[in-house]
Amino acid sequence: MKGAYYYNVDPQSCGPLKGKQGMKVDASALFGSKGAQDFDGGSGGNPAAMMQYLKYAKDVKDFGKETVDGQSTTHYRAVLHQAELGKYKDAFSSDGMKALTGGADSVTMDVWIGAKDLPVRLKDDFGRMTVTMDIEKFGATAPVKAPPAAQTADLTQRIKDARSRQG
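### So, the nonpolar core
So, step 1. Core analysis: the largest hydrophobic core is formed by eight residues, namely Tyr-53, Tyr-56, Ala-57, Ala-78, Leu-80, Val-107, Met-109 and Phe-126.
So, step 2. Counting only elements with at least two residues in this core, the list comes to strand S4 (71–81) and strand S5 (106–113).
So, step 3. Counting six residues, the second largest nonpolar core, distinct from the first, contains Leu-17, Met-23, Val-25 and Ala-153.

### Describing the packing of aromatic side chains
So, step 1. For the structure shown, the criterion picks out zero aromatic pairs.
So, step 2. Over the face of the ring belonging to Trp-112 we find Arg-121, whose NZ or CZ atom lies 5.6 Å from the ring centre.

### Topic: the sheet that holds strand S2 (residues 22–26)
So, step 1. If you trace the three strands from one edge of the open sheet to the other, you get S1-S2-S8, paired in mixed fashion. At either margin of the open sheet sits one strand with a lone partner, and together these are strand S1 (4–8) and strand S8 (152–154). The sheet shows a mean angle of 25° between the axes of neighbouring strands, taken without regard to direction.
So, step 2. Where S2 lies against S8, three bridges are found, and the strand directions are parallel. Following the sheet pairing, Gly-22 is matched in S8 by Thr-152.

### Topic: the pattern of salt bridges
So, step 1. One pass over the structure, following the stated rule, counts three salt bridges.
So, step 2. Residues Lys-24 and Asp-154 are paired through a salt bridge, measuring 3.9 Å at the closest nitrogen-oxygen approach. Here the residue Lys-24 occupies a position in strand S2, and Asp-154 occupies one in strand S8, the gap between them amounting to 130 residues.
So, step 3. Classification of Lys-24 by relative accessible area gives partly exposed; the value is 25%.
So, step 4. Among the ionic pairs, Arg-77 bridges to Asp-110, the shortest N-O distance being 2.9 Å. Of this pair, Arg-77 sits in strand S4 while Asp-110 sits in strand S5, and the two are 33 residues apart along the sequence.
So, step 5. Look at Arg-77 and you get partly exposed, because its relative accessible area is 30%.
So, step 6. A residue is classified by how much of its surface remains accessible, and Asp-110, at 4% relative accessible area, is buried.

### What about the sheet that holds S4?
So, step 1. Taken together, five strands build an open sheet; the order of strands is S3-S4-S5-S6-S7 and the sheet is antiparallel. With partners counted over all chains shown, the strands left at the sheet margins are strand S3 (59–68) and strand S7 (130–134), one partner each. Taking the axes of each pair of neighbouring strands and ignoring which way they run, one obtains an average angle of 15° across the sheet.
So, step 2. Relative to S5, S4 runs antiparallel, the two being bridged by eight bridges. If you follow Tyr-76 over to S5, its bridge partner there is Val-111.

Calculation notes
Residues numbered from 1 in each chain as written. Predicted model: local features only at pLDDT ≥ 70, side-chain atom pairs only at ≥ 80, totals over all residues. Heavy atoms only, no water. Core = buried A, V, L, I, M, F, W, Y, C linked by side-chain atoms within 4.5 Å. Buried < 20%, exposed > 50% of the residue type's maximum accessible area, 1.4 Å probe, protein only. Helix = DSSP H or I, 4+ residues; strand = E, 2+ residues; numbered from the N terminus. Phe/Tyr/Trp six-rings, centres within 6.5 Å; stacked < 30°, edge-to-face > 60°. Lys NZ or Arg CZ within 6 Å of the ring centre and 35° of its normal. Pairing = 2+ DSSP bridges. Axes fitted to C-alpha atoms, helices over the stretch in contact; angles between N-to-C directions. Salt bridge = Lys/Arg side-chain N within 4 Å of Asp/Glu carboxyl O.

Pasting the structure below:
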């Protein structure tokens, strides 16, 4: 499972997700080899680790109070620029950042902070993709198992092929 991302999807009536309940993508298909190493070594999908990069943001806006999943939150948006992140050894390297963003020079992070100053929702726009995480509770990590292969469509090669056609 390390290095692979699994997503729950609504079963489709046709195409590669026909009848499937899950989608698998190897991180290297999304971020390239170097980007996958940087991402896996950095946040790896951990919301608390992902938020550490906010300390590098100079462009932060407060959008005020919003309700998310029934919780009162404050919505913030931060833009993290590649030039700023590349200066810090614990952030993404320049090559990793390019792979992660598909060449974009920034990442936009939206965070909704609720009670006890904990995130309720994170939304990251990486240029070629957007990832949104809703966080229900904090505490001990639960073991995560990959869904059965028969219920999962592996789109890794399709994404790699599409990226190679783009340039």
